[in-house]
Each structure stands twice: as structure tokens, then as C-alpha cells.
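Residue-level listing of the chains:
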Amino acid sequence: PSRVQIQAYLAIAKSENLTNGIDFGTIAVLPVSQANATGNYNSLFSDMTEYNITVSTDSNTAVDFCIRTNGPLSTPGGAEIALDDYTWQNSTLNSAFEPKKFGKSISGTFQPDTIGVNPGESNHYRFWLNVSAAQEPGFYNNTIFFQAVPTLSPCS
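Keep in mind that this is a model prediction, so the values were computed, not measured.

A.B. asks: What am I meant to see in the state of the cysteines here?
C.D. replies: The term disulfide refers to a covalent linkage connecting the sulfur atoms of a pair of cysteines. Tallied over the full model, the rule gives 1 disulfide. Between the sulfur atoms of Cys 66 and its disulfide partner Cys 155 the distance amounts to 1.6 Å. Around the S-S axis, the bridge from Cys 66 to Cys 155 shows a dihedral of about 75° and counts as right-handed. Taken together, the positions of Cys 66 in strand E4 (residues 63-69) and Cys 155 in the segment after strand E11 (144-150) put the pair 89 residues apart, joining distant regions of the chain. The class of Cys 66 is buried, set by a relative accessible area of 4%.

Below you can see the structure in the form of C-alpha cells.
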């Protein structure tokens, strides 16, 4: 008998905007509802998002994506913007209308998002932030993690 097992291989690449980070800029007037991340809509390219992850054509499997955060946006002094106030949406389509507006709250555990993104295709993201009138001033940071796994495999 002859046998072979082919392992799944996948490679992904983040867009430059996503590599540089999800930036909401300076919010000067509070409260604000659904403040756009700066790369959500690029008016030069039909309002498409600039936050993308592409599955390399070298991959030999379709990919499922997952997303999570390390915690709320927070300042060094401990002020926080709640996870429920940080929302995201994703789609394999990228237009003025896709990904759709005002998605799901970010979570501290991996959430599955897009299933079955083929080699050469991209997953596109948009992000929004709600900030209350009483939010303490400061520089807020957190980290967003993306994971790609072979289709129908669990994120960890």
C-alpha cells in the first residue's frame, strides 16, 4: 500500500491599516455613539473599509477567522471603556454597505466571525466605539487578536 497525509497550510496577511492598529482618533465631544475607527470608510475607494485580512494564495485550505480582545480599552490609571461599547462587524464583501454597520460587541474570548474564506480572498472589518458623557479623559488602549484556522476547526 501507499499512503500520504497532506497537512493543512494557511498563511494570512493584515492590511497596512490593520497592522498599524485600530485607531478611533481624538474624540472631543461627548457623548458619542458609534464613533467610526479611522479606517472604516475610505471615501477615495467607494467607502470601503481599510481593515482587511487576506488569505494567501499559497494556502491549501479555506480559513475561518476568530476575533477577541485582551480586555476593555483602558488608561494606565485604570479608567475603562466597557467591552459592550466596542463593536465590530466583518464580511468577505467590501463596499459602502458591507461589512454592515454597528455589529457585535468585542469579547475577551475568541468569537468566530467569517467561515470559509478561500485562498486569495479577504475578510473585511469595521469597528465602532460608544463613549459616555462621563468618560474620564485619557489615552485608552487594548489589543485585538485575530486568529485564522482551517475551516470548521475551533479557535483557541
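A.B. asks: Explain the sheet that holds E4 here, please?
C.D. replies: The pairing of strands in a sheet comes from backbone hydrogen bonds and takes either a parallel or an antiparallel form. Strand order across the open sheet formed by 3 strands is E9-E4-E11, with antiparallel pairing between neighbours. Pairing within the sheet leaves two strands with one partner each, and these edge strands are strand E9 (111-112) and E11. Here 2 bridges tie E4 to E9, and the two strands are oriented antiparallel to one another. Bridging across to E9, Cys 66 finds its partner in Pro 112.

A.B. asks: When you look at the pattern of salt bridges in this model, what are you seeing that I'm missing?
C.D. replies: Oppositely charged side chains are able to pair whenever their charged atoms sit close together. Tallying each qualifying case throughout the model produces 1 salt bridge. Across the pair Glu 98 and Lys 100 runs a salt bridge whose closest N-O atoms are separated by 2.9 Å. Its relative accessible area of 17% is what places Glu 98 among the buried residues.

A.B. asks: Would you mind going over the layout of surface pockets with me for this structure?
C.D. replies: Gaps left between atoms are located by rolling a probe of water-molecule size over the structure's atoms. Estimated volume of the largest pocket: approximately 730 Å³. If you trace the largest pocket, you find 27 residues lining it, with Asp 23, Phe 24, Gly 25, Leu 73 and Tyr 140 closest to the centre. Looking at the lining of the largest pocket residue by residue, the classes come out as 16 nonpolar, 8 polar and 3 charged.

A.B. asks: Hey, could you run me through unusual backbone geometry in this one?
C.D. replies: Among all residues except glycine, the phi angle is most often negative; among peptide bonds, the trans geometry is most common. A cis amide bond links Leu 30 with the next residue in sequence, Pro 31, at an omega value of -5°. Mapping Pro 31 onto the fold places it in the loop between helix H1 (16-20) and strand E2 (32-36). For the bond running from Glu 98 to Pro 99, omega is -5°, close enough to zero to count as cis. Mapping Pro 99 onto the fold places it in the loop between strand E7 (86-91) and strand E8 (104-105). Positive phi, normally seen in glycine, also occurs at Gln 34, with a value near 60°. Among the secondary structure elements, Gln 34 is positioned in strand E2. Phi at Leu 152 takes a positive value of approximately 70°, unusual for a residue other than glycine. Mapping Leu 152 onto the fold places it in the segment after E11.

Conventions and cut-offs
Residues numbered from 1 in each chain as written. Predicted model: local features only at pLDDT ≥ 70, side-chain atom pairs only at ≥ 80, totals over all residues. Heavy atoms only, no water. Disulfide = S-S within 2.5 Å. Helix = DSSP H or I, 4+ residues; strand = E, 2+ residues; numbered from the N terminus. Buried < 20%, exposed > 50% of the residue type's maximum accessible area, 1.4 Å probe, protein only. Pairing = 2+ DSSP bridges. Salt bridge = Lys/Arg side-chain N within 4 Å of Asp/Glu carboxyl O. 1 Å grid on protein atoms, 1.4 Å probe; cavity = no way out; pocket = protein on both sides within 12 Å on 5 of 7 lines; lining within 4 Å. Points joined across faces, edges and corners; volume = space filled by probe spheres on them. Nonpolar A, V, L, I, M, F, W, Y, C, P; charged D, E, K, R; others polar.

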